[in-house]
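Fold and contact review
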Amino acid sequence: MTQVLFPDTLDQAVALLADHPEARPIAGGATLVAMRNAGLVDSSHLISLDRIAGLRGIERLADGRLRVGAMTRHADTAGSDLLTGSLMVVRKAAGMIANKVVRNMGTMGGSVANADPAADYLPALACADAVLSFLGPEGARDVPILDYVQDWYETALEPGEILTAITLPAPEAAASTYRKIARVSGDYATASCAMALTADGQGLRVAIGACGPGPIRDRDAEAALHGHLHDAGAVAEFAAALVALADPVDDVRGSAEYRLALIPRLITLVLAELNPVMEAA
Ligand SMILES: Cc1cc2nc3c(=O)[nH]c(=O)nc-3n(C[C@H](O)[C@H](O)[C@H](O)COP(=O)(O)OP(=O)(O)OC[C@H]3O[C@@H](n4cnc5c(N)ncnc54)[C@H](O)[C@@H]3O)c2cc1C
């Protein structure tokens, strides 16, 4: 039988994880309960993060950055007025996760910790240059999102650590958006694209999802594209650079070949979506 423990503080939660090395944190249970029911997880203890103050909600820090508590539900992220401009990409991704039931259960921390390669937040957070904050027995540490996923379902989050918050740079007045190709509405992505214009409107930050173990970004290719957003050849070269970094698999959502073909298509589509904003700037 599994025992669920309800610590009131993060320090208590970390101590409980240390006392029960096989235990796992539980956020909304959206994924963990399904995994448990399928026999994929067999922990004698689950450490609920539900009662810990300060883990829920989005706040603006004194320097303008935004701190998203790990227990912030997708529905709240999807409805947050703080996520504007260059951070709209995160809000849009939240609104495209599954369905209302899952968006009311699932949390940003749980989704990031679970690190499903097809999940919507990872590319959106990579595009936004998010920083993840962990707390564990050795103390607190921050990890940039692009250093987070290390292999398929392997991340920088160590056993015994809790993801406490996701910090986003101060929003810039630059358009951003998120798009996913999925078999049906609400499904995980077959491939996805998170895109933001740079503050000067001349460049892009782009992260591709579901085409490898983690989100794919190429800062060198982004620098080369800067100032050439209206040059179809330069955009095609940029897309080819991301295709070269991709490492997709064949699965029920699509073949690896199909996913590779989707990357340039998605980049063109999403760029066209941002184009009117570029023209107006
Ligand atoms: C039917 C269905 C459809 C879905 N469709 C999509 C989709 O289209 N796109 C998408 O992106 N996602 C989708 N999801 C996943 C959904 O976004 C979940 O919210 C997400 O996987 C995490 O759920 P949770 O926050 O409840 O975490 P839980 O299920 O509670 O936990 C998930 C994992 O993360 C660990 N964990 C949780 N919180 C923390 C923390 N703060 N620190 C350390 N470890 C932690 C747990 O130990 C567990 O291993 C879907 C889920 C379901 C059930």
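Everything quoted here is computed from the prediction, not taken from an experiment. (Residues numbered from 1 in each chain as written. Predicted model: local features only at pLDDT ≥ 70, side-chain atom pairs only at ≥ 80, totals over all residues. Heavy atoms only, no water.)

1. Brief notes about the site of the ligand
Taken together, 31 residues form the shell around the ligand, and within it Pro25, Thr31, Leu32, Thr107 and Asp120 come nearest. One nitrogen or oxygen atom from the main chain of Ala30 is found 2.8 Å from an oxygen atom belonging to the ligand. The fraction of the free accessible surface of the ligand (970 Å²) that becomes covered by protein chains is 88%. Contributing elements (two or more residues each) for the shell around the ligand: β2 (24-26), α6 (108-114) and β10 (162-168). Classifying every residue of the shell around the ligand by side-chain character gives 16 nonpolar, 10 polar and five charged. Formed jointly, the shell around the ligand draws a minimum of three residues from each of two domains, domain 1 (52-168) and domain 2 (182-275). (Near = heavy atom within 4 Å. Polar contact = N/O pair within 3.5 Å; in protein donor to acceptor, adjacent residues only side chain to side chain. Areas by Shrake-Rupley, 256 points an atom, 1.4 Å probe, with all protein chains shown as cover. Helix = DSSP H or I, 4+ residues; strand = E, 2+ residues; numbered from the N terminus. Nonpolar A, V, L, I, M, F, W, Y, C, P; charged D, E, K, R; others polar. Domains from an automatic or database assignment.)

2. A short note on the domain arrangement of the protein
Splitting the protein by domain gives domain 1 (52-168) and domain 2 (182-275). Taking only C-alpha atoms into account, the centre of domain 1 sits 21 Å from that of domain 2. Contacts between the two partners involve 19 residues from domain 1 and, on the opposite side, 21 residues from domain 2. On the domain 1 side of the contact with domain 2, Pro123, Cys127 and Trp152 bury the most area, a combined 32% of that side's loss. Counting every contact that joins domain 1 to domain 2 gives two salt bridges. Across the pair Asp129 and Arg219 runs a salt bridge whose closest N-O atoms are separated by 3.2 Å. Counting residues per element, the ones that place at least two in the side of domain 1 that touches domain 2 are α4 (88-95), α7 (121-127) and β8 (149-151). If one sorts the elements of the side of domain 1 that touches domain 2 by residue count, α7 sits on top with five residues. (Contact = heavy atoms within 4.5 Å. Buried area = accessible area lost by both parts, 1.4 Å probe. Salt bridge = Lys/Arg side-chain N within 4 Å of Asp/Glu carboxyl O.)

3. Observations regarding the UniProt feature "domain: FAD-binding PCMH-type" (unreviewed entry) in the protein
The UniProt feature table records "domain: FAD-binding PCMH-type" (unreviewed entry) at residues 1-173. In residues 1-173, helix accounts for 28% and strand for 24%; the two terminal C-alpha atoms are 51 Å from one another. (UniProt positions renumbered as here; feature names shortened; annotations may be inferred.)

4. Points about the sheet that holds strand β6 (residues 131-136)
Here we have five strands laid out as an open sheet, ordered β4-β5-β10-β6-β7, and antiparallel in their pairing. The sheet is open, and its two edges are formed by β4 (58-60) and β7 (139-144), each paired on a single side. Sheet twist, expressed as the mean angle between neighbouring strand axes with direction ignored, is 25°. Seen against the sheet, helix α1 (residues 10-19) touches β6 and β10 and runs at an angle of roughly 135° to β10. (Pairing = 2+ DSSP bridges. Axes fitted to C-alpha atoms, helices over the stretch in contact; angles between N-to-C directions.)

5. As for the packing of aromatic side chains
For the structure shown, the criterion picks out one aromatic pair. With a centroid separation of 6.1 Å and an interplanar angle of 50°, the aromatic rings of Phe134 and Tyr148 are classed as tilted. One end of the pair, Phe134, is in strand β6; the other, Tyr148, is in the loop between β7 and β8, with 14 residues separating them in the sequence. A relative accessible area of 1% means that Phe134 is categorised as buried. Since its relative accessible area comes to 0%, Tyr148 is described here as buried. Across from the ring centre of Phe6, 4.3 Å away, lies the NZ or CZ of Arg51, which sits over that ring. (Phe/Tyr/Trp six-rings, centres within 6.5 Å; stacked < 30°, edge-to-face > 60°. Buried < 20%, exposed > 50% of the residue type's maximum accessible area, 1.4 Å probe, protein only. Lys NZ or Arg CZ within 6 Å of the ring centre and 35° of its normal.)

6. Points about a nonpolar patch on the surface
Together, Trp152, Tyr153 and Val249 make up an exposed nonpolar region whose accessible area comes to about 280 Å². Among the secondary structure elements, Val249 is positioned in the loop between α9 (232-245) and α10 (256-280). (Patch = residues over 30% accessible without salt bridge, like charges linked within 9 Å, V, L, I, M, F, W, Y side chains within 5 Å.)

7. Describing the pattern of salt bridges
Enumeration according to the criterion identifies 14 salt bridges in this entry. Arg179 is the partner of Glu273 in a salt bridge, and the nearest nitrogen-oxygen pair spans 3.5 Å. Note that Glu273 is positioned in helix α10 and Arg179 in strand β11 (residues 176-181), a separation of 94 residues in sequence. Assessed through its relative accessible area of 30%, Arg179 is described here as partly exposed. Two residues, Asp187 and Arg253, come together in a salt bridge whose shortest N-O distance is 3.4 Å. With a gap of 66 residues between them, Asp187 in the loop between β11 and β12 (191-197) and Arg253 in the loop between α9 and α10 connect regions that are remote in the sequence. Asp187 gets classed as buried once you look at its relative accessible area, which sits at 11%. Here the salt bridges do not stand alone but share partners, grouping Asp129, Arg217, Arg219 and Glu222 into one network.

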